[in-house]
Amino acid sequence: MSLRINDTAPDFTAETTEGTLNFHEWIGDGWAILFSHPKDFTPVCTTELGYMARLAPEFAKRNCKVIGLSVDPVGNHSKWAADIAETQGHAVTYPMIGDTELKIAKLYDMLPADAGETSEGRTAANNATVRTVFIVGPDKKIKLMLVYPMSTGRNFNEVLRVLDSMQLTATHKVATPVNWTPGDDVIILPSVSDDEAKQKYPEGWRTPKPYLRIVPQPK
């Protein structure tokens, strides 16, 4: 199954470092980030899990839960977590899924169907595609997908920025321009007529071109 933005995020029940959970039930009425790893005790992923632990309170402020996935057993995750806390200075406070039968990796199109049914004997190299980030909305739809190569650490500040943008644009009829950060000007959607825009923005907007209407970020 090939996943796309706005597809329903596949539901699953899995064993995690915080017990058995059902993904959709766990998300509840908020947002969620699912980020996956090809193998425990790998160097780049160790830095990533530590940094995500550092950012977890910021995601929580935005009503967004965080969950990690690795194909190794949950018991390995707990041992890895100790290394992460020691080397990165931040303890992992979010659940980590043990995907030993590769079911979730296949469900989310991170591994091919013929990848086998066990994590035993597999290496980070042949699990390279299991380096994906998904953001899932309260409607359980996929809002973002990012896939990174093995050698490049993921930019979770960017994931946080995108979440801010999506939460803003879900509430207001605006889009965010290139390199936008919270507090910057935004763009009125083309689907919003000038008459409607005048009601929302009585002080007007900048119009470098008729299709480009720029306003301060709504409160």
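A brief structural summary. (Residues numbered from 1 in each chain as written. Predicted model: local features only at pLDDT ≥ 70, side-chain atom pairs only at ≥ 80, totals over all residues. Heavy atoms only, no water.)

## Concerning the overall build of the chain
Thought 1: For the chain, the helix and strand inventory stands at 6 helices and 11 strands.
Thought 2: Look at the contacts in the chain between residues 6 or more apart in sequence, and 63% of them connect residues 24 or more apart.
Thought 3: Accessible area for the chain stands at about 11000 Å²; split by element, carbon and sulfur atoms hold 53% of it.
Thought 4: Taking the average place of the 23 positive charges on the side chains of the chain and the average place of its 27 negative ones, the gap between the two points comes to 6 Å. (Helix = DSSP H or I, 4+ residues; strand = E, 2+ residues; numbered from the N terminus. Contact = heavy atoms within 4.5 Å. Areas by Shrake-Rupley, 256 points an atom, 1.4 Å probe, with all protein chains shown as cover. Lys, Arg positive; Asp, Glu negative; His and termini not counted. Charge placed at Lys NZ, Arg CZ, Asp CG, Glu CD.)

## Re the environment of L212
Thought 1: Residue position: L212 is located in strand β11 (residues 212–215).
Thought 2: Overall, the relative accessible area of 26% leaves L212 in the partly exposed class.
Thought 3: A C-alpha to C-alpha distance of 22 Å links L212 and R161, two positions 51 residues apart in sequence.
Thought 4: If we skip the residues at most four places from it in the chain, L212 touches I187, R206 and T207. (Buried < 20%, exposed > 50% of the residue type's maximum accessible area, 1.4 Å probe, protein only.)

## What about the pairing of strand β2 (residues 19–22)?
Residues in a regular strand project their side chains so that they alternate between the two faces of the sheet.
Thought 1: As paired elements, strand β1 (residues 13–16) and β2 share 4 bridges and run antiparallel to each other. Bridging from a neighbouring strand, T13 pairs with N22 of β2.
Thought 2: With antiparallel pairing between neighbouring strands as the criterion, β1 and β2 make up a hairpin whose turn holds 2 residues. (Pairing = 2+ DSSP bridges.)

## Let's talk about the sheet that holds strand β10 (residues 206–209)
Whether parallel or antiparallel, the strands of a sheet pair through hydrogen bonds between backbone atoms.
Thought 1: The strand order β8-β9-β11-β10 describes an open sheet built from 4 strands, whose pairing is antiparallel. Each having just a single partner strand, β8 (174–175) and β10 make up the two edges of the open sheet.
Thought 2: Sheet topology note: the β10/β11 ladder contains 2 bridges and is antiparallel. Residue pairing for β11: R206 is matched across the bridge by I214.

## Quick word on the environment of Y108
Thought 1: Within the fold, Y108 resides in the loop between α4 (103–107) and β6 (132–136).
Thought 2: Take Y108: its relative accessible area is 2%, and that puts it in the buried class.
Thought 3: The spacing of Y108 and P210 is 102 residues in sequence and 41 Å in space, taken between C-alpha atoms.
Thought 4: Here Y108 is in contact with L3, A9, P10, F12, F23, L34 and F134, once residues within four sequence places are set aside.

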